Number of protein chains: 2
Amino acid sequence: MMISEVLDMSKASSSVDRVYDRVRHMAANFEFKPDERINESALSLKLGASRTPLREALNRLVAEGFLTFQNGRGFFCRSLSPEKIVDLYEARQAIECEALRRSVTRASDEEIAAVVAYLDETEPRYNTSKSTVEVLEMDEDFHIRLAELSKNTELVRLLRNINDRIRYVRLVDLKMILAKKQIAKNKGAKLSAHRVILNALAARDGEGAVAAMRSHIERRREEATEAVRIAYSQLYVPAD
Amino acid sequence: MMISEVLDMSKASSSVDRVYDRVRHMAANFEFKPDERINESALSLKLGASRTPLREALNRLVAEGFLTFQNGRGFFCRSLSPEKIVDLYEARQAIECEALRRSVTRASDEEIAAVVAYLDETEPRYNTSKSTVEVLEMDEDFHIRLAELSKNTELVRLLRNINDRIRYVRLVDLKMILAKKQIAKNKGAKLSAHRVILNALAARDGEGAVAAMRSHIERRREEATEAVRIAYSQLYVPAD
DNA sequence: TCATACAGAATTGTATACAGCATCTTATGC
DNA sequence: GCATAAGATGCTGTATACAATTCTGTATGA
C-alpha cells in the first residue's frame with residue numbers, strides 16, 4: 001500500500017466540493033461584482049466541471065448567503081450595501097457575545113490558556129506584518145478559537161459563515177485603519193482588545209468579557225458604512 | 001390581458017422550489033428519521049421530479065442544517081441529540097436578545113403597538129386551543145414579528161432557520177407542558193412572558209427586555225434534554 | 001426620438017444516461 | 001459458527017441533451 005493512500009483522508013473530494021470551494025472563495029472576495037449575474041456555462045468551463053455539480057454548489061452558496069437566485073434568470077452575486085454589512089456585524093456581536101457568555105462556565109483553564117498562548121505567539125506579527133490578509137486571517141482565527149471555547153458548534157458554524165461574508169469589507173477596513181496609522185498609536189501602552197477580552201474570560205468575569213467584545217466589534221461596525229464605500233471604489237477600478 | 005396574469009406574482013415556481021419546500025417540511029418534521037439515508041431515486045419519484053432538481057434542493061437543505069451529506073454515500077437526515085438542540089436554543093437566545101437590543105432604539109411606538117395588537121388578538125386562543133401546532137405557530141409568529149422590529153434582516157433570517165430546525169422538539173415540549181397543565185397555573189394572575197418582554201420594550205427598557213427574553217428561552221432550553229428523549233420515543237413508535 | 005414588437009441568440013431548467021462506488025448477498029475457508 | 005472474499009446489485013456522481021425561457025438587437029410605427 002502506498003503512503004499517499006494512507007495519508008489521503010480527503011475522501012477523494014468530489015467535483016461539487018472542489019467547485020464549491022472555488023466559487024465560495026470567489027464570492028467571498030467579490031471576484032463576482034455585487035449583483036453580477038453568473039453565467040453557468042462559462043463558469044463550469046473555467047472550473048473544469050459540468051453544469052450539474054456547479055449548480056449544486058451554487059445552490060449551497062445561495063443558502064449560505066453568498067449568492068442570490070432568481071427563477072428563470074439564474075444565480076447572482078449578493079449585493080453589497082452598508083445596511084447588509086451592518087446587519088452582519090450585529091449578528092456577529094450576537095453570536096460572539098453569546099459564545100463568550102457560555103465559555104465562562106464551560107471552558108477549562110487549560111483551554112483558555114491555549115488561546116492565550118496563541119495570542120502570545122501571533123501578537124508580535126500583528127503590528128509588524130505588511131500583509132493585511134495575514135493579519136485578518138490571524139484575527140479571524142483568534143475569534144474562532146475563542147468561540148470554540150463555548151463548545152457550541154452551531155455558534156461556531158454561524159460565526160464562520162458571517163466572517164466569510166464580511167471578509168472583503170473587513171479587509172478594506174483593515175487597510176483603512178493601517179493607512180490612518182491607528183495601529184501605531186495603540187501599540188505598546190494599551191492592552192490589545194483581544195487581550196482584554198481574554199483576561200476577563202480567564203478571570204471568569206462574564207459581564208466584563210461580553211462588554212469588551214461588544215465594544216470591540218462595535219468599533220468596526222461603526223466603520224462599516226465608510227468601508228463599504230471604499231470597497232465599492234476598489235471593486236470598480238483597475239486592480240493595483 | 002387576463003386578470004390571472006396580473007395577479008400571478010408567483011413567477012411560476014420552479015421544480016426545485018416545489019421540491020425544496022416539500023423536503024424542507026419533511027426534514028423539519030423528521031418525516032425522515034434521524035440519520036436516515038435518503039434515497040434520491042425513490043424521493044424524486046415520490047415528489048414527481050427528476051433527480052437533478054431534487055439534488056439541488058437537497059444541497060440547499062444541507063447548507064441550512066436540515067440534512068447532512070457524505071461523499072459517495074449521499075444525503076442523510078440530520079441527527080437529533082440533546083446537545084445539538086441545546087446549541088440551537090443558545091443560538092436562538094443570542095439572536096433574539098440582540099434583535100431586542102436593537103429594537104429598543106429602532107422600533108417606533110406604532111410598530112411596537114402593532115405587535116401588542118397581535119398579542120392581544122392571539123392571546124385568548126393561546127390557552128384554549130387544542131392544537132399544539134396552532135399554538136406553536138402563533139408563538140413562532142410572535143417571536144418573528146418581534147425580531148423584525150430590529151430592522152435587521154439577517155437576524156430574522158437566522159431566527160427563521162433556527163425555529164424551523166427546533167420546531168419538532170418544541171412541539172414535543174409544548175405537548176409535555178400542556179400535559180403537565182402548567183398553562184392552567186400560569187393563566188390569569190401572572191403576565192405572560194411575551195407580555196413582559198413587550199412591555200419592557202415599549203418602555204424602552206432594553207436591559208429588562210433582554211433579561212426577560214433570556215429567561216423565557218432559558219426555561220425551554222432546560223427542558224430540551226427531556227423533550228429530545230420524548231421526541232425519540234415518538235419517532236420510533238406507531239403514530240397515534 | 002421613443003416605444004413596441006418581433007426574430008434570433010443565448011441561457012437556464014430538467015430529464016436521462018451511464019460510469020463508478022458503496023452496499024448487500026452469497027460462497028468459501030478456517 | 002464466524003470471518004473473509006468475490007460477485008451481484010443498487011445508488012450516487014457527473015455529463016450531456018434538449019425544451020423552455022429570457023435576453024438582445026433590429027426593425028417598424030407613432
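Presented here is an overview of the structure given in this document.

What counts, and at which threshold
- Positions within a chain are numbered from 1, following the residues in the order the chain's sequence is written.
- As they are written, the chains are lettered A onward and the ligands numbered 1 onward, keeping that order.
- Local features are withheld for residues below a pLDDT of 70 in this predicted model, meaning they are given only at 70 or higher, and side-chain atom pairs are given and counted only at 80 or more; totals for whole chains, interfaces and linings count all residues.
- Think of the side-chain values as coming from all heavy atoms in the structure, minus any hydrogens and water.
- A run of H or I in DSSP becomes a helix once it reaches four residues, and a run of E becomes a strand once it reaches two; helices and strands are each numbered from the N terminus.
- Residue exposure (1.4 Å probe, protein chains only): buried if accessible area is under 20% of the type maximum, exposed if over 50%, otherwise partly exposed.
- Under this definition, polar contacts are N or O atom pairs within 3.5 Å; protein pairs additionally need one hydrogen-donor-capable and one acceptor-capable atom, and for neighbouring residues in sequence, both atoms have to be side-chain atoms.
- The contact definition used throughout considers only heavy atoms, calling two residues in contact when any of these lie within 4.5 Å.
- Two strands pair if DSSP finds at least two bridges between them.
- Any residue with a non-hydrogen atom lying within 4 Å of a molecule or strand is treated as near it.
- By the convention adopted, Pro, Cys, Tyr, Trp, Phe, Met, Ile, Leu, Val and Ala count as nonpolar, Lys, Arg, Asp and Glu as charged, and the other residues, Gly among them, as polar.
- Note on ring pairs: Phe, Tyr and Trp rings are taken, using the six-membered ring of Trp, and paired if centres are within 6.5 Å. Classes follow the plane angle, with under 30 degrees stacked, over 60 edge-to-face and the rest tilted.
- The criterion for a charge sitting over a ring is simple: Lys NZ or Arg CZ within 6 Å of the ring centre, and within 35 degrees of the ring normal.

This paragraph deals with the side chain of Asn 161 of chain B. All names here are of chain B. Note that Asn 161 resides in helix α8 (residues 153-179). In this structure Asn 161 comes out as buried when scored by relative accessible area, which is 16%. Among the polar contacts listed, one links the side chain of Asn 161 to the side chain of Arg 165, at a separation of 3.0 Å. With residues up to four places along the chain from it excluded, the contact list for Asn 161 reads Glu 64 and Phe 66.

Let's shift gears to the pairing of strand β1 (residues 67-70) of chain B. All names here are of chain B. Relative to strand β2 (residues 74-77), β1 is paired through 4 bridges, and the arrangement is antiparallel. Paired with Thr 68 across the two strands is Phe 76, which belongs to β2. If you look at the hairpin formed by β1 and β2, you'll find 3 residues sitting between the two strands, and Gly 72 has a positive phi there, around 80 degrees.

Another point: the protein's contact with DNA strand D. Residues in close proximity to DNA strand D total 21 residues, the closest being Ser 15, Ser 50 and Arg 73 of chain A together with Asn 39 and Arg 55 of chain B. Counting only the atoms of DNA strand D that lie within 4 Å of the protein, the sugar and phosphate share comes to 65%. Between Ser 15 of chain A and DNA strand D, the recorded distance is 2.5 Å, taken from a backbone N or O atom to a phosphate oxygen. Between DNA strand D and Ser 50 of chain A there is a distance of 2.5 Å, counted from a phosphate oxygen to a side-chain nitrogen or oxygen. For the surface near DNA strand D, the secondary-structure elements that each account for two or more residues are α2 (15-28) and α4 (51-63) of chain A together with α3 (40-47) and α4 (51-63) of chain B. Taken together, the residues of the surface near DNA strand D break down into 5 nonpolar, 9 polar and 7 charged.

Inspection of the entire model under this criterion finds 6 aromatic pairs over all chains. With a centroid separation of 5.5 Å and 75 degrees between ring planes, the pair formed by Phe 30 of chain A and Tyr 168 of chain A is classed as edge-to-face. With Phe 30 of chain A in the loop between α2 and α3 (40-47) and Tyr 168 of chain A in helix α8 (residues 153-179), the pair connects residues that are 138 residues apart, well separated along the chain. For Tyr 168 of chain A, a relative accessible area of 11% puts it in the buried group. Here Arg 60 of chain B stacks its cationic end above the ring of Phe 69 of chain A, 5.6 Å away from the centre of that ring.

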